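Residue strings, one per chain:
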Amino acid sequence: MAETILETSGLTKAFNGFTAVSDVNLRIEQGSIHALIGPNGAGKTTCFNLLTKFLQPTSGTIHFDGHDITAMKPADIARRGLVRSFQISAVFAHLTTVENVRIALQRERGENFDFWRSDRMLQRYNDRAHELLWDVGLSDATDIPAGELSYGRKRALEIATTLALEPKLMLLDEPTAGMTEADVTRIVALISRLRAGRTILMVEHNLSVVSGLSDKITVLTRGKILAEGDYNTVSTHPDVVTAYLGTDHA
């Protein structure tokens, strides 16, 4: 059995009497891609915010890499290697792509964001920054301001800045949301290419996006786990089919 890197027990979040997440038990295995999916309003985002500690659970526990992180702050768990992509706001529109990644590399090494430093001192991060941009398909855009990138390529840049932090567990929040079909195809291929040696937890609403990526899928509806397993298991589960057809509004 693979080693568990993240596990929740009885994870629950209530807002003024409304329970958004109810008794969720997750187990994320090292080296896997695990998808958390469900129709709109299923509790996916709330659950993700609990895992990344932007919300404090009403009850339940969260263990990451052998440590109880239930009461920790977001910055503290990020330092432990649990890093959430697309929440970091690491894309600075006026800076080039390589400069964006270079800033993330400074942070990973525990240094301050010393914008005043000489360019010579910052150049030492360039080789790794270029490697990461190559990994995410942006080797042709190293000197382009991030603000000039297409939406899909900005997402790829955000993945590069996340990888710069060398996460033990990378959390992707709706990585294909709002994208064109072509951009979705590119991001799915990117995630598939980057999976080697990494652990990824992704929130998605689209079964087709996770079908070829995920080792395990957890389906949420109305804040509870509806089904869990590989794609074939969950995609044919009668309750999952009902939820995605819209007759079970979550």
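Everything that follows concerns the structure shown earlier in this document.
As the structure is a computational prediction, the values presented were derived from the model and not from experiment.

A.B. asks: Explain the pattern of salt bridges here, please?
C.D. replies: Pairing between side chains of opposite charge can happen when their charged atoms approach one another. Applying the stated rule across the entire model yields ten salt bridges. The partner of K168 in a salt bridge is D65, and the shortest N-O contact between them spans 2.7 Å. Within this pair, whereas K168 is found in the loop between helix 6 (151–164) and strand 8 (169–173), its partner D65 is found in the loop between strand 5 (59–64) and strand 6 (67–68), the two being separated by 103 residues in sequence. Here D76 makes a salt bridge to R79, at a shortest N to O gap of 2.9 Å. Separated by three residues within a single helix, D76 and R79 lie in helix 2 (residues 74–80), roughly one turn from each other. Residue classification places D76 among the partly exposed residues on the basis of a relative accessible area of 33%.

A.B. asks: When you look at the environment of M179 in this model, what are you seeing that I'm missing?
C.D. replies: Among the secondary structure elements, M179 is positioned in the loop between strand 8 and helix 7 (181–194). Excluding residues within four positions of it along the chain, M179 makes contact with Y151, G152, R155, V184 and I187.

A.B. asks: What am I meant to see in the side chain of S214 here?
C.D. replies: Relative to the helices and strands, S214 is located in the loop between helix 8 (207–211) and strand 10 (216–221). Classification of S214 as buried rests on a relative accessible area of 11%. Residues contacting S214, with those up to four places away along its chain left out, are I33 and A35.

A.B. asks: Hey, could you run me through the packing of helix 6 against helix 7 in this one?
C.D. replies: The relative placement of two packed helices comes down to the angle between their axes together with the axis-to-axis distance. The N-to-C vectors of helix 6 and helix 7 enclose an angle of 20 degrees; their axes lie 9 Å apart at closest approach. When the interaxial angle is binned, helix 6 and helix 7 end up roughly parallel. For the pair helix 6 and helix 7, the crossing hand works out as right-handed. Of helix 7, the residues touching helix 6 (which contributes G152, R155, A156, I159 and L163) are D183, I187, L190 and L194. Per-class residue counts for the contact of helix 6 with helix 7 are six nonpolar, one polar and two charged.

A.B. asks: Help me understand the pairing of strand 2 (residues 18–24), please; the structure alone is not making it clear to me.
C.D. replies: Regular strands have side chains that alternate between both faces of the sheet. Inspection of the sheet shows strand 1 (residues 4–15) paired to strand 2 by four bridges, in the antiparallel sense. What sits directly across from K13, in strand 2, is V21. Between strand 1 and strand 2, which pair antiparallel and follow one another directly, the connecting turn spans two residues, one of which, N16, has a positive phi of 50 degrees.

A.B. asks: I keep staring at the sheet that holds strand 4 (residues 33–37) and nothing clicks. Help me out?
C.D. replies: An order of 7-8-9-4-10-11 is seen for the six strands of this open sheet, with the pairing classed as mixed. Each having just a single partner strand, strand 7 (82–85) and strand 11 (224–229) make up the two edges of the open sheet. In this sheet, adjacent strand axes meet at a mean angle of 20 degrees when their direction is disregarded. As paired elements, strand 4 and strand 10 share four bridges and run parallel to each other. In the strand pairing of strand 10, A35 is matched with I217. Across the face of the sheet, helix 6 comes into contact with strand 7 and strand 8 while running at roughly 165 degrees to strand 7.

A.B. asks: Help me out: how do you make sense of helix 6 in this one?
C.D. replies: Note that an α-helix has 3.6 residues per turn; residues three or four places apart therefore point the same way. For helix 6, built from 14 residues, the straight-helix expectation of 20 Å at 1.5 Å per residue is met to within 8% by its first-to-last C-alpha distance of 20 Å. Among the 14 residues of helix 6, eleven are classified as buried, and the element is accordingly described as predominantly covered. Of all the positions in helix 6, only G152, R155, A156, L157, E158, I159, A160, T161, T162, L163 and A164 are classed as buried. Of the residues one or two after helix 6, E166 is the one with positive phi, at around 50 degrees.

A.B. asks: Got a minute to help me understand the environment of G31 in this structure?
C.D. replies: Its place among the elements puts G31 in the loop between strand 3 (27–29) and strand 4. Its relative accessible area of 38% is what places G31 among the partly exposed residues. C-alpha of G31 to C-alpha of T199: the two residues are 168 residues apart in sequence and 4.4 Å apart in space. If near-sequence neighbours (up to four positions away) are discounted, G31 is found in contact with R195, R198 and T199.

A.B. asks: Just to check I follow, could you spell out the nonpolar core for this structure?
C.D. replies: Most often, soluble globular proteins keep nonpolar side chains buried together rather than apart. Core analysis: the largest hydrophobic core is formed by 40 residues, its most contacted members being V101, V136, I191 and M202. Counting residues per element, this core draws most heavily on helix 6, which supplies six residues. L51, I69, L169 and V203 belong to the second-largest nonpolar core, a separate cluster that totals 23 residues.

About the thresholds
Residues numbered from 1 in each chain as written. Predicted model: local features only at pLDDT ≥ 70, side-chain atom pairs only at ≥ 80, totals over all residues. Heavy atoms only, no water. Salt bridge = Lys/Arg side-chain N within 4 Å of Asp/Glu carboxyl O. Helix = DSSP H or I, 4+ residues; strand = E, 2+ residues; numbered from the N terminus. Buried < 20%, exposed > 50% of the residue type's maximum accessible area, 1.4 Å probe, protein only. Contact = heavy atoms within 4.5 Å. Axes fitted to C-alpha atoms, helices over the stretch in contact; angles between N-to-C directions. Parallel < 35°, antiparallel > 145°, perpendicular 65-115°, else oblique. Left-handed = near helix turned anticlockwise from the far one by under 90°. Nonpolar A, V, L, I, M, F, W, Y, C, P; charged D, E, K, R; others polar. Pairing = 2+ DSSP bridges. Expected span 1.5 Å × (residues − 1). Core = buried A, V, L, I, M, F, W, Y, C linked by side-chain atoms within 4.5 Å.

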